[in-house]
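# Structural overview
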Amino acid sequence: MSVANLFFQQCPFASVASLSTLSPFSRSAPSLRVSVKFTVSCSSLASPVTVLDRNVEKKVAERNEIRLGLPSKGRMASDTLDLLKDCQLSVRQVNTRQYVAEIPQLSNLEVWFQRPKDIVRKLVSGDLDLGIVGLDTVTEYGQGDEDLILVHDALDYGGCRLSLAIPKYGIFENINSLRELAQMPQWTSEKPLRVATGFSYMARKFMRENGLKHVSFSTADGALEAAPAMGIADAIVDLVSSGTTLRENNLKEIEGGVILESQAVLVASRKSLIHRKGVLDTTHEILERLEAHLRAIGQLMVTANMRGSSAEEVAERLLSHTSLSGLQGPTISPVFCKSDGRVAADYYAIVICVPKKLLYKSVQQLRAIGGSGVLISPLTYIFDEETPRWCELLSTLGL
Ligand SMILES: Nc1ncnc2c1ncn2[C@@H]1O[C@H](COP(=O)(O)OP(=O)(O)OP(=O)(O)O)[C@@H](O)[C@H]1O
Ligand SMILES: O=P(O)(O)OC[C@H]1O[C@H](OP(=O)(O)OP(=O)(O)O)[C@H](O)[C@@H]1O
Ligand SMILES: [Mg+2]
């Protein structure tokens, strides 16, 4: 008998308010897919209660589906969906209040929308196999757990840093480094440096490792930058991106005060990768698509015509400029024309990939060595023989 049934028996005045089956994409036996959480209203209780079915916990351990956790809210949510879409891994969600979805290209995979911190917690508890969140969240809530493996550490969005910041005014006016902060005579065991943060694990570790002995911590979930002006804290440890929030609140970062540089990452459970059927293959496919896409967005494909006496001679001219050497080297093909009844190749078509930031320089160089009719096209994917991150993952797993 489930805990839920027991609950109803022991609380006869309970009436079911909602019972949600959380996995419409289930491909396994219905008994495995009983809802994990449901809400009941009970006349003896002021607020709804959440009941966890322990049998389900056991069954979840036996599940066959692969689970990917994605941020359900906040600034990471839509960027994550956009990235997956760009990798041809569009997430199909029936409606936005449903927390489970699928990616049709990846069979046997369930997408679960969760708060970023819960994604990390659920990876650790074995309820998710893969997740996409900020590195800051992985580090804070993973707390060095060796089961968490960074499969891709640079998804190129959600860039920010976790930083220690202090007021620009008062006793901090001339304090500009962590060393100076640590040496201030004000901090004693009776009157420690008061730090407000939502990142207690990392902040404590950082202070310890940097010799700040007299520190106390308070937590808040948002608008931390207000704490010093409100007199609640002397310093804060929070995420910084543009620096506007710090500036607008009269706070400053200090030398040596960056705790972590963060961006979105793909993280996996080591146990799942090794033991759950299909997780490694699915991870390989996701990783390949991510790598191919992320590599391509930094590059453009350039085609041009060049007059020359042979493909080798054109290649020599191109290779004399490093920014025209392409990924492995230029592709050069003869362009055949017929003149005076004779077929000859006086021109060669060249194809190279150039980094976006070097585009204009490359075009100038191409022109300087006789290039004409230069065409630029965006690249969608660059698939290499094997991705370096995949080889790293296999070696981390000892495979
Ligand atoms: N200012 C920022 N610029 C860029 N990325 C950020 C910024 N702040 C946070 N992030 C990244 O986005 C992730 C989610 O942040 P977000 O503010 O959306 O959620 P949250 O702070 O956990 O939730 P909430 O603010 O609702 O409590 C962070 O863990 C971090 O990786
Ligand atoms: O350097 P900036 O570009 O100004 O960004 C930094 C701010 O962004 C985040 O807050 P968020 O917007 O998530 O609000 P929150 O405090 O409610 O989490 C972070 O906690 C900082 O307050
Ligand atoms: Mg926030």
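A quick note: this is a predicted structure, and the numbers were derived from the prediction, not measured. (Residues numbered from 1 in each chain as written. Chains lettered and ligands numbered in written order. Predicted model: local features only at pLDDT ≥ 70, side-chain atom pairs only at ≥ 80, totals over all residues. Heavy atoms only, no water.)

### Overview of the packing of helix α4 (residues 116–125) against helix α5 (residues 135–142)
- Packing of α4 against α5 leaves a shortest axis separation of 9 Å and a crossing angle of 50 degrees. One way to sum up the angle between α4 and α5 is to call them oblique. Seen from above, α4 lies across α5 with right-handed handedness. Between α4 and α5, the contacting residues are P116, K117, V120 and R121 on the first element and T137, V138, Y141 and G142 on the second.
- In terms of residue class, the contact of α4 with α5 is made up of four nonpolar, two polar and two charged. (Axes fitted to C-alpha atoms, helices over the stretch in contact; angles between N-to-C directions. Helix = DSSP H or I, 4+ residues; strand = E, 2+ residues; numbered from the N terminus. Parallel < 35°, antiparallel > 145°, perpendicular 65-115°, else oblique. Left-handed = near helix turned anticlockwise from the far one by under 90°. Contact = heavy atoms within 4.5 Å. Nonpolar A, V, L, I, M, F, W, Y, C, P; charged D, E, K, R; others polar.)

### What to know about the nonpolar core
- Core analysis: the largest hydrophobic core is formed by 35 residues, its most contacted members being L164, L181, L193 and M207.
- At four residues, helix α7 (residues 200–209) tops the list of elements feeding residues into this core.
- Of the residues that make up this core, three or more belong to each of domain 2 (65–158 + 264–298 + 379–399) and domain 3 (160–262).
- The next biggest cluster of nonpolar side chains, apart from the first, holds 33 residues, and it includes L70, L84, I132 and V151. (Core = buried A, V, L, I, M, F, W, Y, C linked by side-chain atoms within 4.5 Å. Buried < 20%, exposed > 50% of the residue type's maximum accessible area, 1.4 Å probe, protein only. Domains from an automatic or database assignment.)

### Considering the site of ligand 2
- Around ligand 2, the surrounding shell consists of R75, G222, A223, E225, D238, L239, V240, S241, S242, G243, T244 and T245.
- Separating an oxygen atom of ligand 2 from a backbone N or O atom of G243 is a distance of 2.8 Å.
- One nitrogen or oxygen atom from the side chain of T245 is found 2.4 Å from an oxygen atom belonging to ligand 2.
- The fraction of the free accessible surface of ligand 2 (500 Å²) that becomes covered by protein chains is 65%.
- For the shell around ligand 2, the element with the most residues is strand β12 (residues 235–240), which contributes three residues. (Near = heavy atom within 4 Å. Polar contact = N/O pair within 3.5 Å; in protein donor to acceptor, adjacent residues only side chain to side chain. Areas by Shrake-Rupley, 256 points an atom, 1.4 Å probe, with all protein chains shown as cover.)

### Overview of unusual backbone geometry
- Even without being glycine, N108 reaches a positive phi, approximately 65 degrees.
- Considering the arrangement of structural elements, one finds N108 in the loop between β5 (100–102) and β6 (109–114).
- Given a relative accessible area of 27%, N108 falls into the partly exposed group.

### Considering the sheet that holds β12
- Overall, mixed pairing links the five strands, which are arranged β11-β10-β12-β9-β13 in an open sheet. Each end of this open sheet is capped by a strand with a single partner; those strands are β11 (215–218) and β13 (251–262). Within this sheet the neighbouring strands show an average axis-to-axis angle of 25 degrees, counted without direction.
- In this sheet, β12 lies alongside strand β10 (residues 193–197) in parallel orientation, the contact comprising three bridges. Within the sheet, the bridge partner assigned to V195 lies in β12 and is A235.
- Along the sheet, α5 makes contact with β12 and β13, crossing β13 at roughly 80 degrees.
- Strands in contact with α7 are β9 (160–167), β10, β11, β12 and β13; relative to β13, the strand with the most contacts, it is inclined by about 110 degrees. (Pairing = 2+ DSSP bridges.)

### Structural notes on α4
- Along α4, the residues that are buried comprise I119, V120 and L123. All buried residues of α4 fall inside an arc of 95 degrees around its axis, so they share one side.
- The elements touched by buried residues of α4 are β4 (66–71), β6, β7 (130–134), α5, β8 (148–152) and β14 (264–269).
- Immediately downstream of α4, the backbone of G126 shows phi near 90 degrees, a positive value. (Arc of directions from axis to C-beta.)

### A short note on the UniProt feature "domain: Histidine biosynthesis HisG C-terminal" (unreviewed entry) in the protein chain
- Look at the UniProt record and you will see "domain: Histidine biosynthesis HisG C-terminal" (unreviewed entry) annotated at residues 298–380.
- Helix makes up 23% of residues 298–380 and strand 48%, with an end-to-end C-alpha separation of 10 Å. (UniProt positions renumbered as here; feature names shortened; annotations may be inferred.)

### A closer look at the UniProt feature "domain: ATP phosphoribosyltransferase catalytic" (unreviewed entry) in the protein chain
- What UniProt calls "domain: ATP phosphoribosyltransferase catalytic" (unreviewed entry) maps, in this numbering, to residues 115–291.
- Helix makes up 34% of residues 115–291 and strand 29%, and the two end C-alpha atoms of the span are 25 Å apart.

### Looking at the side chain of E140
- Mapped onto the fold, E140 is located in helix α5.
- Among buried charged residues, E140 stands out as having no salt bridge; its nearest opposite-charge side chain is R204, 7.8 Å away.
- Of note is the side chain of E140, whose polar atom sits 3.2 Å from the backbone nitrogen of S200.
- A polar contact of 2.9 Å, which involves the side chain of E140, links it to the backbone nitrogen of Y201.
- Beyond its immediate sequence surroundings of up to four residues, E140 is in contact with G198, F199, S200, Y201 and M202. (Lys, Arg positive; Asp, Glu negative; His and termini not counted. Salt bridge = Lys/Arg side-chain N within 4 Å of Asp/Glu carboxyl O.)

### What about the site of ligand 1?
- The local shell around ligand 1 holds 13 residues, among which K73, R75, D136, T137 and S241 are the closest.
- Here an oxygen atom of ligand 1 and a backbone polar atom of R75 are 2.8 Å apart.
- At a separation of 2.6 Å, an oxygen atom of ligand 1 approaches a polar side-chain atom of D136.
- Bound to the protein, ligand 1 loses 68% of the 620 Å² it would expose on its own.
- Secondary structure elements with two or more residues in the shell around ligand 1: α3 (75–86) and α5.
- Across the shell around ligand 1, the residue classes break down as three nonpolar, six polar and four charged.
- Residues lining the shell around ligand 1 come from more than one domain, with at least three contributed by each of domain 2 (65–158 + 264–298 + 379–399) and domain 3 (160–262).

### Some remarks on the state of the cysteines
- One pass over the structure, following the stated rule, counts zero disulfides.
- As a non-bridged cysteine, C87 has C353 as the owner of its nearest cysteine sulfur, 17 Å distant.
- With a relative accessible area of 0%, C87 lands in the buried category. (Disulfide = S-S within 2.5 Å.)

### With respect to the pattern of salt bridges
- Per the stated rule, a full pass over the model turns up 14 salt bridges.
- For R389, the salt bridge goes to D153, with nearest N and O atoms at 2.9 Å. A residue pair is termed long-range when its members are at least 10 positions apart, and R389 in helix α14 (residues 388–397) and D153 in the loop between β8 and β9 qualify at 236 residues.
- Residue class for R389 comes out partly exposed when judged on its relative accessible area of 22%.
- With a relative accessible area of 40%, D153 lands in the partly exposed category.
- Between R289 and E285 there is a salt bridge, with its nearest N and O atoms 3.0 Å apart. Residue R289 and its partner E285 are located together in helix α11 (residues 279–297), separated by four residues, close to a single helical turn.
- Residue R289 is classed as buried on the basis of its relative accessible area, which comes to 19%.

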